[in-house]
Amino acid sequence: MMIPFKVKTFSFLLACACSTAGMAQVVNDSPVRQVKISGYVGTRIADCIERRVKAQDVDHLVEPFRHQNEKSRWQSEFWGKWIQGAIASYRYNRDPELYRIIKDAAESLMATQQPNGYIGNYAPEYQLQQWDVWGRKYTSLGLIAWYDLSGDKKALEAACKVVDHLMTQVGPGKVDIVSTGNYIGMPSSSVLEPVMYLYNRTKEERYLDFAKYIVGQWETPGGPQLISKAIAEVPVANRFPHPKTWFSRENGQKAYEMMSCYEGLLELYKVTGNPLYLSVVEKTVGHIVREEINVAGSGSAFECWYGGKERQTQPTYHTMETCVTFTWMQLCNRLLQMTGNSLYADYMETAIYNALMASLKADASQIAKYSPLEGWRHEGEEQCGMHINCCNANGPRAFAMIPGFAYQVQDDCVRVNFYAPSEAELVLPGKKSVWLRQTTEYPRTDQIEIEVDPTKETTFTIALRIPAWSKIATVSVNGRPEAGVLQGAYLPVNRKWKKGDRITVKLDLRARLVERNQAQAIVRGPLVLARDSRFGDGSVDEASVVVSKDGYVELIPVEAPDFAWLAFTAPMVLGTDLESHRTPRQIHFCDFASAGNTWDKTQRYRVWLPKTLNVMHSPYKPYNQ
């Protein structure tokens with residue numbers, strides 16, 4: 001017999017409380033009290049927590065902080081990235097063992113703090129250079145996250161001391177922050193984010209003043225001009241000249257660090273209400289969507305913006321860094337919470353199901369540093385003389401973000417952002433408790449059932465995301481159709497909800513054919529499909545024509561092999577011979593996340609398929625033109 005989720009959750013939390021006796025209580029003042037995601041995505045989240053987060057040798061991450069002898073490398077980012085992912089994972093699953101791991105990690109790190117407040121591994125004469133301030137940012141973020149989870153005031157004090165020490169080195173009359181580190185000062189000045197968190201928690205004006213100083217420095221001659229170039233609608237890949245040395249101070253297109261600065265700017269916007277700050281972030285994100293984000297929901301090559309949307313059909317070195325994928329998701333999620341624009345949730349859904357899920361190896365032992373659209377995936381290099389790299393440290397944060405994205409509450413409105421088998425406990429104004437339960441096989445199938453279970457009859461709004469790609473969508477409540485369903489927007493359903501009310505959402509999962517640069521890709525709902533050599537039905541690199549009608553491909557669902565989550569066949573005319581091979585063949589595809597998921601270089605996959613040229617259907621162009 002299945003135990004009701006409420007009972008299981010209460011028992012589990014009670015067990016956690018007993019097993020963590022003596023620890024500070026975890027305060028959850030969020031209106032989203034508990035989320036449980038099951039199905040494919042839920043399994044991948046759990047796998048990532050168990051095999052990436054909990055399996056990490058944390059003392060290995062702390063060790064560099066015990067030696068102040070570094071000159072140039074970025075070892076000091078790994079602890080802060082890992083612990084933020086671990087804390088977000090704990091907030092999701094309440095695993096007592098994970099809590100103890102996090103607690104030990106925080107206390108070990110704080111034990112390395114110097115008398116002047118510095119936590120880092122750079123030698124005194126090399127501080128402020130290369131990745132030193134970037135590392136301090138991640139240290140501060142990790143300490144603040146631990147404080148928020150545990151209530152340990154020593155962690156907040158330690159974070160304050162880190163930033164206070166930095167303020168003795170940079171600021172008015174001292175070293176300019178944008179002159180420190182790499183990439184025109186963007187990594188260093190992204191410390192804006194934890195500075196604002198410290199202001200929010202302490203209300204100390206010095207932190208707000210320091211934040212305003214950082215933003216002011218962006219517009220100095222040596223700064224990244226993140227505001228003025230956004231106002232001028234300069235594309236993110238063209239804000240500075242192509243650098244002579246790629247990984248250097250002169251490169252102003254570094255995607256991850258640029259977005260990190262804008263995340264800090266949004267935190268400053270929350271406090272000041274200056275509409276300019278929100279405007280420049282949205283302008284920049286608009287450029288990223290139009291010029292950089294590819295069919296799998298992410299972007300970048302060699303970790304930088306490069307006009308990648310138009311060039312995505314061309315095999316490219318080092319595409320879709322997982323750190324970029326995570327930061328893109330985080331930036332979209334913050335804008336979603338601030339603006340209520342459902343398109344940001346669409347961008348996140350595409351990134352989650354494709355770029356993010358593809359980054360996690362089938363056995364969840366590693367997270368790929370890059371996820372190309374063709375070829376194979378593989379492990380990233382070990383960085384900085386350590387047994388880890390940036391994406392293995394950062395990737396779990398993206399998986400742990402999904403539950404908090406799935407359901408969001410603002411006032412008496414519940415936004416349902418992510419469709420997947422799941423359950424959530426929500427608390428509305430007036431301490432009104434509501435449970436939502438999704439029963440669905442989406443995106444395998446097109447229907448989502450949502451059961452509404454308030455503790456008592458309550459009037460509130462459930463806003464249902466209708467993806468922009470769903471040309472046809474219907475919503476009904478207790479079998480009665482709702483009017484006003486628009487693609488690319490929320491459908492708000494306001495009524496007095498009672499126990500047993502059911503919402504049915506049906507979306508358009510017709511497979512869409514996307515064509516670009518004489519190449520073709522198939523997208524079904526939020527999923528990008530790929531050919532995989534393990535199907536054994538021809539070369540994945542062979543030229544072909546995907547048969548379509550009115551832009552849609554007639555897919556046939558088939559039983560997925562062991563390596564794939566979902567599988568289909570699509571009608572295709574293969575090769576260049578129409579005399580012998582005119583009749584379309586049914587060729588296998590799987591979801592992009594499953595393609596190449598064993599990282600075996602003897603196997604290949606491909607998203608963008610080269611389209612065979614038919615000159616009878618193309619204008620004649622003389623050879624000399």
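Procedures and definitions
Residues numbered from 1 in each chain as written. Predicted model: local features only at pLDDT ≥ 70, side-chain atom pairs only at ≥ 80, totals over all residues. Heavy atoms only, no water. Helix = DSSP H or I, 4+ residues; strand = E, 2+ residues; numbered from the N terminus. Rg over C-alpha atoms; globule rule 2.2 N^0.38 Å. Buried < 20%, exposed > 50% of the residue type's maximum accessible area, 1.4 Å probe, protein only. Contact = heavy atoms within 4.5 Å. Areas by Shrake-Rupley, 256 points an atom, 1.4 Å probe, with all protein chains shown as cover. Lys, Arg positive; Asp, Glu negative; His and termini not counted. Charge placed at Lys NZ, Arg CZ, Asp CG, Glu CD. Axes fitted to C-alpha atoms, helices over the stretch in contact; angles between N-to-C directions. Parallel < 35°, antiparallel > 145°, perpendicular 65-115°, else oblique. Left-handed = near helix turned anticlockwise from the far one by under 90°. Nonpolar A, V, L, I, M, F, W, Y, C, P; charged D, E, K, R; others polar. Pairing = 2+ DSSP bridges. Core = buried A, V, L, I, M, F, W, Y, C linked by side-chain atoms within 4.5 Å. Phe/Tyr/Trp six-rings, centres within 6.5 Å; stacked < 30°, edge-to-face > 60°. Salt bridge = Lys/Arg side-chain N within 4 Å of Asp/Glu carboxyl O. Polar contact = N/O pair within 3.5 Å; in protein donor to acceptor, adjacent residues only side chain to side chain. Patch = residues over 30% accessible without salt bridge, like charges linked within 9 Å, V, L, I, M, F, W, Y side chains within 5 Å.

(A) Highlighting the overall build of the chain. When helices and strands are tallied, the chain shows 17 helices and 22 strands. Taken over C-alpha atoms, the radius of gyration comes to 25 Å for the chain, in line with the 25 Å a tight globule of 625 residues would show. Principal-axis analysis of the C-alpha atoms places the extent of the chain at approximately 80 × 70 × 45 Å. Every one of the 625 residues in the chain was classed for burial, and the buried ones make up 59%. A separation threshold of at least 6 residues defines the contact pool for the chain, and within that pool the share at least 24 residues apart is 71%. Surface exposure of the chain reaches about 25,200 Å², of which carbon and sulfur atoms provide 52%. Each charge class in the chain was averaged separately, 70 positive and 68 negative side chains, and the resulting centres sit 3 Å apart.

(B) A look at the packing of helix 16 (residues 342–359) against helix 17 (residues 390–406). Where helix 16 meets helix 17, the axes come as close as 11 Å, and the angle between the chain directions of the two elements is 140 degrees. Here helix 16 is positioned oblique relative to helix 17, judged by the angle of their axes. At the point where helix 16 passes helix 17, the crossing takes the left-handed sense. Along the contact surface, helix 16 presents Ala-345, Met-348, Ile-352, Leu-356, Met-357 and Ser-359, while helix 17 presents Gly-395, Ala-398, Phe-399, Met-401, Ile-402 and Phe-405. A class-by-class count of the residues in the contact of helix 16 with helix 17 yields 10 nonpolar, 2 polar and no charged.

(C) Region of interest: helix 9 (residues 192–202). With 8 of 11 residues buried, helix 9 is to be regarded as a mostly interior element. As for helix 9, its buried residues are in contact with helix 6 (132–150), helix 7 (153–169), helix 8 (186–189), helix 10 (205–218), helix 12 (255–272) and helix 15 (322–339). Where helix 9 terminates, the next one or two residues include Lys-203, which has phi positive at roughly 60 degrees.

(D) Up close: the sheet that holds strand 5 (residues 422–428). With respect to topology, 7 strands assemble into an open sheet ordered 1-5-6-7-12-9-10, the strand pairing being antiparallel. Among the strands making up the open sheet, the edge pair consists of strand 1 (32–37) and strand 10 (480–481). Bridge count between strand 9 (residues 474–477) and strand 10: 2 bridges; the pairing is antiparallel. Bridged to Val-477 within strand 10 is Arg-480.

(E) Local environment of the nonpolar core. Within the largest apolar cluster, 198 residues are counted, with the highest numbers of intra-cluster contacts made by Trp-218, Leu-436, Leu-464, Ile-503 and Ile-522. The element contributing the most residues to this core is helix 16, with 10 residues. Leu-436 has contacts with Tyr-407, Val-414, Val-416, Ser-422, Glu-423, Ala-424, Leu-426, Ile-450, Glu-451, Val-452 and Ile-462, leaving out every residue within four places of it along the chain.

(F) Structural view of the packing of aromatic side chains. Under the definition given, this model contains 20 aromatic pairs. Ring geometry for Tyr-40 versus Trp-565: centroids 3.9 Å apart, planes at 10 degrees, classification stacked. One end of the pair, Tyr-40, is in helix 2 (residues 39–53); the other, Trp-565, is in the loop between strand 18 (556–558) and strand 19 (567–574), and 525 residues separate them in sequence. Under the relative-accessibility criterion, Trp-565 is labelled buried at 15%. Relative to Tyr-605, the ring of Phe-592 lies with its centre 6.0 Å away and its plane at 70 degrees, an arrangement referred to as edge-to-face. On the criterion of sequence distance, the pair formed by Phe-592 in the loop between strand 20 (585–591) and strand 21 (605–606) and Tyr-605 in strand 21 is long-range, its members being 13 residues apart.

(G) Structural view of the side chain of Arg-94. As for its placement among the helices and strands, Arg-94 is situated in the loop between helix 4 (78–93) and helix 5 (96–110). Buried charge without a partner: Arg-94 forms no salt bridge, and the closest opposite charge is Glu-425, 8.9 Å away. Looking at Arg-94, its side chain comes within polar contact range of the main-chain oxygen of Arg-91, at 2.3 Å.

(H) Molecular detail of a nonpolar patch on the surface. Among the surface-exposed residues, Phe-247, Phe-302 and Tyr-317 lie close enough to one another that they form a single nonpolar patch of about 360 Å² accessible area. Along the chain, the position of Phe-302 falls in the loop between helix 13 (275–291) and helix 14 (308–311). Its relative accessible area of 31% is what places Phe-302 among the partly exposed residues.

(I) Inspection of the pattern of salt bridges at higher detail. Throughout the structure, instances matching the rule amount to 43 salt bridges. As a salt-bridge pair, Asp-346 and Arg-465 come within 2.6 Å of each other at their nearest N and O atoms. Of this pair, Asp-346 sits in helix 16 while Arg-465 sits in strand 8 (residues 458–466), placing them 119 residues apart in sequence. Each member of the pair, Asp-346 together with Arg-465, is buried. Ionic contacts of the salt-bridge type, sharing partners, join the residues Glu-423, Arg-437, Glu-449, Glu-451, Asp-453, Lys-499 and Arg-502 into one network.

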